[in-house]
Amino acid sequence: MTLDNGEKWFKKGRTALKIQYCPACEKYIFFPREMCPYCLEVKPEWKETTGRGIIYSYTTVRRSSLSEFQDRVPYTYAMVELHEGIRIPTNIINCPVDRVRIGMPVELAWIEESKETIPVFRPAP
Ligand SMILES: [Zn+2]
């Protein structure tokens, strides 16, 4: 995913999860867009999120046809609803798949891959 400020969603070395925000109607926007989908303001801002949220929905991936994911199963693919109100697709780490629950509080974590830094979430203390 390439963002309209030229940053990449999986940019190596990222430490902050920024989400578009519309100052005109005061709503967060995800996925990134050229203009606000609510009021059509053309210049959404970028705001750093709290990195906290809850699991809105999830599924357990037990089998993958993609070679790069075959050694990761089983894992949790989830929609996390951030404190800011937007929902993003992600993975849940540091939590056995049978412990994951809808409504579980989670916090931002990062996975370092060879060329990317990927935003994921783990159970919040
Ligand atoms: Zn707006």
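Now for a description of the structure that goes with this document. These numbers come from a predicted model, not from an experiment.

### Some details on the coordination of the zinc ion
Item 1. Around the zinc ion, the protein contributes the donor atoms Cys22 (SG), Cys25 (SG), Cys36 (SG) and Cys39 (SG), at 2.2 to 2.3 Å from the metal centre.
Item 2. Linear spacing of the donor residues for the zinc ion on their chain is C-x2-C-x10-C-x2-C. With cysteine 22 in strand β1 (residues 18-22) and cysteine 36 in the loop between β2 (27-29) and β3 (45-48), this pair connects stretches of sequence that are 14 residues apart.

### A few points about the pattern of salt bridges
Close approach of charged atoms allows side chains with opposite charge to pair.
Item 1. A full pass over the atoms with the stated rule returns four salt bridges.
Item 2. One salt bridge in this structure joins arginine 87 and glutamate 81, with 2.8 Å as the shortest N-O distance.
Item 3. In this structure, the salt-bridge partner of glutamate 107 is arginine 122, at a minimum N-O distance of 2.8 Å. Here glutamate 107, found in strand β7 (residues 105-112), pairs with arginine 122, found in strand β8 (residues 117-123); they are 15 residues apart in sequence, far enough to count as distant.
Item 4. Residue glutamate 107 is classed as buried on the basis of its relative accessible area, which comes to 15%.
Item 5. What you see here is one network of salt bridges that share partners, running through Arg52, Glu107 and Arg122.

### Concerning the side chain of glutamine 20
Item 1. Structurally, glutamine 20 is set in strand β1.
Item 2. Judged by relative accessible area, which is 1%, glutamine 20 ranks as buried.
Item 3. Separated by 2.7 Å, the side chain of glutamine 20 and the backbone nitrogen of arginine 33 make a polar contact.

Calculation criteria
Counting starts from 1 at the beginning of each chain's written sequence and moves along it residue by residue. Reporting of local features is limited, given that this is a predicted model, to residues whose pLDDT is at least 70; pairs of side-chain atoms are given and counted only at 80 or more, and all residues count toward the totals for whole chains, interfaces and linings. Excluding hydrogens and water, the side-chain figures rest on all heavy atoms present in the structure. Coordination partners: N, O, S within 2.8 Å of the metal, 3.2 Å for Na, K and Ca; water not considered, so apparent gaps in a site are possible. What counts as a helix is a DSSP run of H or I of at least four residues, what counts as a strand is a run of E of at least two, and both are numbered from the N terminus. A side-chain nitrogen of Lys or Arg and a carboxyl oxygen of Asp or Glu constitute a salt bridge if their distance falls within 4 Å. Only protein chains enter the accessibility calculation, which uses a 1.4 Å probe; a residue whose area is less than 20% of its type maximum is buried, one above 50% is exposed, and one in between is partly exposed. In the analysis that follows, any N or O atom pair within 3.5 Å is treated as a polar contact, provided that within protein one partner can donate a hydrogen and the other can accept it, and provided that, for residues neighboring in sequence, both atoms belong to side chains.

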